[in-house]
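# Per-entry structural report
Single-letter residue listing:
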Amino acid sequence: AALIKYRIAAVHNTNSAQLWNNIGMCFFGKQKYVAAVACLKKALYLDPFEWITSYNLGLVHLNVHQNASAFHYLSAALNIKPDFASTYMYLGVALNRLNDFENACNAFEKAISMERDHLFFLNYSVVLVNAGQIDSAKKMFTEFEVVFGELPEDIQSADVDVTEQRNLLSQTLK
């Protein structure tokens, strides 16, 4: 329904970067990644200094495992808006996938220093486990459990992927 309204709006306002960004993220939500990238790149063309568009392009590329492109767009987003902690976390994921463990850890540490988000600790713990850093992974997982435990129950149960990773890490780190 939102996509239909955005398409109507696009006819009347073809040069709105925010509109094209929103259309791109609708396509992303529908797992139509080529269309998402096309819309987001149009948004970036219209307003190259809109950090959220670069951030969203980074997310799309990360989702389709185009990790170098994800790194590029997430770095661009950080250059424009360096105070958005989630960008550092996703940059850490991209760097880890590019086999740059040290800088991935630096990115996760930066995100955690800015904000205590359960996803930061969870993803960092996964990266550490995969690198064989079990003691450090246990510390991050313990922090995840503390922050996660403080969330309302409806939020805790909302994301199946978080629950899955939590259970896997819990078993791995016993």
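Heads up: the structure comes first, above all this text.
Residues numbered from 1 in each chain as written. Predicted model: local features only at pLDDT ≥ 70, side-chain atom pairs only at ≥ 80, totals over all residues. Heavy atoms only, no water.

## A look at the overall build of the protein chain
Of the regular secondary structure elements, the protein chain holds 11 helices and 0 strands. When the helices and strands of the protein chain are placed in sequence order, the string is α-α-α-α-α-α-α-α-α-α-α. Per-residue burial over the protein chain gives 41% buried out of 174 residues. Pairs at least 24 residues apart make up 46% of the contacts formed inside the protein chain by residues separated by at least 6 positions. Only carbon and sulfur atoms are counted for the fraction: they give 52% of the accessible area of the protein chain, which is about 9600 Å². One finds the centroid of the 14 positive side-chain charges in the protein chain at a distance of 9 Å from the centroid of its 17 negative side-chain charges. (Helix = DSSP H or I, 4+ residues; strand = E, 2+ residues; numbered from the N terminus. Buried < 20%, exposed > 50% of the residue type's maximum accessible area, 1.4 Å probe, protein only. Contact = heavy atoms within 4.5 Å. Areas by Shrake-Rupley, 256 points an atom, 1.4 Å probe, with all protein chains shown as cover. Lys, Arg positive; Asp, Glu negative; His and termini not counted. Charge placed at Lys NZ, Arg CZ, Asp CG, Glu CD.)

## Focus: the pattern of salt bridges
Note on pairing: side chains with opposite charge can pair once their charged atoms come close. The full count for this structure, using the stated rule, is 3 salt bridges. A salt bridge links Glu-143 to Arg-116; its shortest N-O distance comes to 3.0 Å. Here Arg-116 lies in the loop between helix 7 (101-114) and helix 8 (118-130) and Glu-143 lies in helix 9 (residues 134-149), a separation of 27 residues in the sequence. On the basis of relative accessibility, which here comes to 28%, the residue Glu-143 falls in the partly exposed class. Accessibility expressed as a relative area gives 47% for Arg-116, which makes it partly exposed. (Salt bridge = Lys/Arg side-chain N within 4 Å of Asp/Glu carboxyl O.)

## Quick notes on the packing of helix 2 (residues 17-29) against helix 4 (residues 51-63)
At their nearest, the axes of helix 2 and helix 4 sit 11 Å apart, and the two run at 20° to each other. Comparing the axis directions of helix 2 and helix 4 gives the class roughly parallel. By crossing handedness, the relation of helix 2 to helix 4 is classed as left-handed. Where helix 2 abuts helix 4, its residues Asn-21, Met-25 and Phe-28 lie against Ile-52, Thr-53, Asn-56, Leu-59, Val-60 and Asn-63. Of the residues assigned to the contact of helix 2 with helix 4, the class counts are 5 nonpolar, 4 polar and no charged. (Axes fitted to C-alpha atoms, helices over the stretch in contact; angles between N-to-C directions. Parallel < 35°, antiparallel > 145°, perpendicular 65-115°, else oblique. Left-handed = near helix turned anticlockwise from the far one by under 90°. Nonpolar A, V, L, I, M, F, W, Y, C, P; charged D, E, K, R; others polar.)

## Observations concerning the nonpolar core
Core analysis: the largest hydrophobic core is formed by 38 residues, its most contacted members being Tyr-124, Phe-144 and Leu-169. Among the secondary structure elements, those contributing two or more residues to this core are helix 4, helix 5 (67-80), helix 6 (85-97), helix 7, helix 8, helix 9 and helix 11 (160-172). The dominant element in this core, judged by the number of residues it contributes, is helix 8, at 8 residues. Setting aside anything within four residues of it in sequence, one finds Phe-144 in contact with His-118, Phe-121, Leu-122, Val-162 and Arg-166. (Core = buried A, V, L, I, M, F, W, Y, C linked by side-chain atoms within 4.5 Å.)

## Focus on the packing of aromatic side chains
Taken as a whole, this structure holds 8 aromatic pairs when the rule is applied. Between the aromatic rings of Trp-51 and Phe-84, the centroid separation amounts to 4.9 Å while the plane-to-plane angle is 55°, which identifies the pairing as tilted. Of this pair, Trp-51 sits in helix 4 while Phe-84 sits in the loop between helix 5 and helix 6, and the two are 33 residues apart along the sequence. By relative accessible area, which is 17% here, Trp-51 ends up buried. Owing to a relative accessible area of 28%, Phe-84 belongs among the partly exposed residues under this scheme. Taking 5.3 Å as the distance between ring centres and 85° as the angle between the ring planes, the aromatic pair formed by Tyr-55 and Phe-84 counts as edge-to-face. Separated by 29 residues along the polypeptide, Tyr-55 in helix 4 and Phe-84 in the loop between helix 5 and helix 6 bring together distant segments of the chain. Pairwise contacts between aromatic rings join Trp-51, Tyr-55, Phe-84 and Tyr-90 into one cluster. Seen from the ring of Tyr-88, Lys-110 lies directly overhead, with NZ or CZ sitting 5.9 Å from the centre. (Phe/Tyr/Trp six-rings, centres within 6.5 Å; stacked < 30°, edge-to-face > 60°. Lys NZ or Arg CZ within 6 Å of the ring centre and 35° of its normal.)

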